[in-house]
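# Topology and contacts: notes
The chain contents come next:
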Amino acid sequence: MPELIEKLSFYLEFPFVRYAIIVGVLVSLCSSLLGVTLVLKRYSYIGDGLSHVAFGALAIASVLKLTNNMLLILPVTIAVAVLLLCTGKNTRIKGDAAVAMVSVGALAIGYLLMNIFSTSANISGDVCTTLFGSTSILTLKLEEVILCIALSCVVLFCFVLFYNKIFSITFDENFARATGVNTTLFNLLIAVIVAVIIVLAMNLVGALLVSALVVFPALSAMRVFKSFFSVTIAAATISVFCSLIGIVIAILAGTPVGSTIVAADIVAFGMFYSIGMLRNSGN
Amino acid sequence: MNELIPLIKCRQLTLGYGNKDLVRDLDYDVNVEDYLCIIGRNGSGKTTFLRGLAGLLSPKSGNIELCEGLMRSEIGYLPQMTVVQKDFPASVEEIVLSAFQGKHRLLPFYGRAQRERAMECMALTRTESLRKSCFRELSGGQKQRVLLARALCAAERLLLLDEPVTGLDPESADTMYRIIKDLHRKGTTIIMVTHDVDAALDDATRVMNFDQISVKGK
Amino acid sequence: MIFRKLFVAALATLSLAALSPAADAPSKKIDVDLSRMSGTVVYGMVYQMVTYPKRFVGKHIRMKGIFSTYYDNEIQQRFFGCVISDALACCSQGLAFELAKPRKFPDEYPKEGATITITGDFDLASEEDEEPYPIIRNAKMTNE
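Predicted, not measured: the structure shown is a model, and the values here were computed from it.

## Remarks on the overall build of chain A
Regarding its fold elements, chain A presents 13 helices and zero strands. The helix and strand sequence of chain A, counted from the amino end, reads α-α-α-α-α-α-α-α-α-α-α-α-α. Principal-axis analysis of the C-alpha atoms gives chain A an extent of 55 × 50 × 30 Å. Per-residue burial for chain A yields a buried fraction of 54% across its 283 residues.

## Focus on the overall build of chain B
Assigned secondary structure in chain B consists of seven helices and nine strands. A globule of 218 residues ought to have a C-alpha radius of gyration of about 17 Å, and chain B, at 17 Å, matches this closely. C-alpha extents for chain B along the principal axes are approximately 45 × 40 × 40 Å. Long-range pairs, those at least 24 residues apart, make up 72% of the contacts in chain B with a sequence separation of at least 6.

## Topic: the confidence of the model for chain A
Summing up the model confidence of chain A, the mean pLDDT is 85 and the portion of residues at 70 or higher is 92%. Across chain A, the element-wise mean pLDDT spans from 72 in helix α6 (residues 123-132) of chain A up to 93 in helix α12 (residues 228-253) of chain A.

## Notes on the environment of Leu140(A)
Residue and element names in this part refer to chain A. Relative to the elements of secondary structure, Leu140 occurs in the loop between α6 and α7 (142-161). Taking the C-beta count within 10 Å as the criterion, Leu140 has 22 such neighbours and is therefore assigned buried. Ignoring any residue separated from it by four or fewer positions in sequence, one finds Leu140 in contact with Phe16, Tyr19, Ala20, Val23, Val145 and Asn203.

## Some remarks on the sheet that holds strand β1 (residues 6-17) of chain B
Through backbone hydrogen bonds, the strands of a sheet pair up, either in parallel or in antiparallel fashion. Residue and element names in this part refer to chain B. Read across the sheet, three strands follow the order β2-β1-β4 without closing on themselves; strand pairing throughout is antiparallel. Each having just a single partner strand, β2 (20-31) and β4 (61-66) make up the two edges of the open sheet. Sheet twist, expressed as the average angle between the axes of neighbouring strands with direction ignored, equals 15°. Of the pairings in the sheet, the one linking β1 to β4 comprises five bridges and is antiparallel in character. By the bridge assignment, Lys9 is partnered in β4 with Glu65.

## Considering the interface of chain B and chain A
If you look at the interface, chain B gives 25 residues, while chain A gives 27 residues. Counting only elements with at least two residues in the side of chain B that touches chain A, the list comes to β5 (75-78), α2 (83-86) and α3 (92-97) of chain B. For the side of chain B that touches chain A, a count of residues per class yields 15 nonpolar, seven polar and three charged.

## As for helix α8 (residues 163-171) of chain A
Burial of α8(A) is extensive: eight of the nine residues sit out of reach of the surface. Residues of α8(A) that are buried in the fold lie against α2 (15-40), α9 (173-178), α10 (183-205) and α12 of chain A together with α2 and α3 of chain B.

## Some thoughts on the pairing of strand β6 (residues 158-162) of chain B
All names here are of chain B. Among the five residues of β6, five are classified as buried, and the element is accordingly described as predominantly covered. Residues Leu158, Leu160 and Asp162 point to one face of β6 and Leu159 and Leu161 to the other, with burial holding for every one of them. Two elements, β5 and β6, share four bridges in a ladder whose sense is parallel. Bridging across to β6, Gly76 finds its partner in Leu159. Note: β6 against strand β7 (residues 189-193), five bridges, orientation parallel. Looking at the pairing, Leu160 lines up with Ile191 of β7. Each parallel crossover has a hand, and the one from β6 via helix α6 (residues 170-185) to β7 is right-handed.

## So, the packing of helix α5 (residues 140-154) of chain B against α6(B)
All names here are of chain B. At a minimum axis distance of 9 Å, the contact between α5 and α6 shows a crossing angle of 15°. With respect to their mutual orientation, α5 and α6 come out roughly parallel. Read as a crossing pair, α5 and α6 show a hand that is right-handed. Each of Gly140, Gly141, Gln144, Arg145, Leu148 and Leu152 in α5 lies in contact with α6, whose residues at this interface are Ser172, Thr175, Met176, Ile179 and Leu183. A class-by-class count of the residues in the contact of α5 with α6 yields five nonpolar, five polar and one charged.

## A closer look at the nonpolar core
In terms of nonpolar packing, the biggest core is built from 196 residues, with Ala54(A), Val194(A), Ile38(B), Val96(B) and Leu160(B) touching the most fellow members. Among all residues touching Val194(A), those that are not within four sequence positions of it are Leu34(A), Leu38(A), Ile46(A), Leu50(A) and Ala81(A).

## Some details on the packing of helix α4 (residues 112-124) of chain B against α5(B)
All names here are of chain B. Direction vectors running N to C along α4 and α5 enclose 135°, while the axes themselves pass 9 Å from each other. With respect to α5, the axis of α4 lies oblique. Judged by the sense of rotation from one axis to the other, the crossing of α4 with α5 is right-handed. Side by side, α4 and α5 meet where Arg117, Ala118, Cys121, Met122 and Leu124 of the first sit next to Ala149, Leu152 and Cys153 of the second. Tallied by class, the residues present in the contact of α4 with α5 amount to seven nonpolar, no polar and one charged.

## Here's the deal with the environment of Cys67(B)
All names here are of chain B. By the secondary structure assignment, Cys67 is in the loop between β4 and β5. You can call Cys67 partly exposed: it has 14 C-beta atoms within 10 Å. Between the alpha carbons of Cys67 and Val30 there is a distance of 9.8 Å; along the sequence they are 37 residues apart.

About the thresholds
- Residues numbered from 1 in each chain as written.
- Chains lettered and ligands numbered in written order.
- Predicted model: local features only at pLDDT ≥ 70, side-chain atom pairs only at ≥ 80, totals over all residues.
- Helix = DSSP H or I, 4+ residues; strand = E, 2+ residues; numbered from the N terminus.
- Buried ≥ 20, exposed ≤ 12 C-beta atoms within 10 Å, placed from the backbone.
- Rg over C-alpha atoms; globule rule 2.2 N^0.38 Å.
- Contact = placed C-beta atoms within 7 Å.
- pLDDT = per-residue confidence, 0-100.
- Pairing = 2+ DSSP bridges.
- Axes fitted to C-alpha atoms, helices over the stretch in contact; angles between N-to-C directions.
- Nonpolar A, V, L, I, M, F, W, Y, C, P; charged D, E, K, R; others polar.
- Right-handed = clockwise from strand over helix to strand, strands pointing away.
- Parallel < 35°, antiparallel > 145°, perpendicular 65-115°, else oblique.
- Left-handed = near helix turned anticlockwise from the far one by under 90°.
- Core = buried A, V, L, I, M, F, W, Y, C linked by C-beta atoms within 7 Å.

See below:
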């Protein structure tokens, strides 16, 4: 054990390892907060769809050789998020199909574009790392870390400020609207925040695994905790903890970062599921 | 009843989804201190009408006028429970307090006055002992009373209730009706959509039958 | 296949580097020992070296990776590289190296794909009107 700690502190001296941990903690914190709302609103799959869109946008950005590909990825993802989250509510089945259509479409077109136009010699590597996030978290530049910190702070600020509004819309959108809450505006806000989180989370775990980061902590917390507030806090704690553990294991054992984090989330879910079961049978 | 003061005026009101009109060219006034029951078959447009009154559905034509200085934020609404809510991890207190969100553009924290008002509403609906309970673990009747407390928190003047006793056992339904009746006696105007014609006729001051779109006073 | 492609990528920017025969590398303290780091960190580290090579110039480096070689027809020059891949094994990067004691290719080199350990000095090879690229000079190579 002391050996491991020594090794860890040795690795922590490298700035890129510290960046990875900072970004990992922030992204998992933000994604779990909104995850509770998405899961409860039955929008779990939105994260997946949006991350595929972000992947498609990334492909276009790299084909266009943009120096800062965020300039394209963020607006495109936000636009699609707004379209999916703000129009799909009256037509549940159509909305569901829309997500599937957009997500698979973006994935295919993105890969096609990368394959045809990419100047990089290692297309499969590029694709693989964006899909599974094998390396991107370890190859962050300082600007990217700063951007991530800034966006996370905006997301956290919005969430704290509008926490009660988000609760009221999540629990009962009709009631909220009938009593004068501007639900259109807040749905829009939620869509934008979700898109930002998805784009950030792509760095951490890759496009295919983003929804795990959104869904698992919320589901784990919901097994055991009984008020929205405690579920939110618990989801955030579980998510940050799992990300930290995941990153540390990945660094020490040399496993892929994204999948290790998701594996940690799955283990946590299993634990909370059992606790929930035990508690229910105890009553 | 004293003289009738209209609280809501519907004029030539048409409501519906897509091409289908469920309410057509309706002229109707809801008066201050009415206990209005809306009855009718499924699909006759009762809930649609209520959604229109609640401002969730904009009229295809005609208009709904709020009179006597009635504000949207003074209307409490008890929608039918959704699947999402049945399994929602939230405490009763959180749900009741969320009623205040419509009254403030920005409300990151609840103040003492709001907590006290929430307690009052919970007392009125006999849910104060459930304050810390988890919503999804309550019985159907308790859930409805919590949602009624929330509607009450939002509204001092007008309550719109959409089938508040559907799915409840007779005893819970009875409690619910008694609470609503008390609220009406204290001066709240009630508009209730219901399947339960007998109960409606017991307590209501007016009945609106969507099967005939004829309106009877009592 | 990917790996070969990558090696080309890593070395594609290479201009002609006159492989000057270097003197024996004196045994000195190793500044960066990649051979003892986990795959995840190694990948991040090599990325740093390739992206910000100036920070590493002059450091004594040891790395363990896969032997790879590439012949540039244009400049009639053979390059040698040590390639590492990330944990998912879908991305890899390589650093070029030149041995302190030149060997004869291919007889005295290991087979392509063999695991080798390289110890040497990190340097930035720069040629006129070409982008500088990182290279490990005065390298000692051992293979397993």
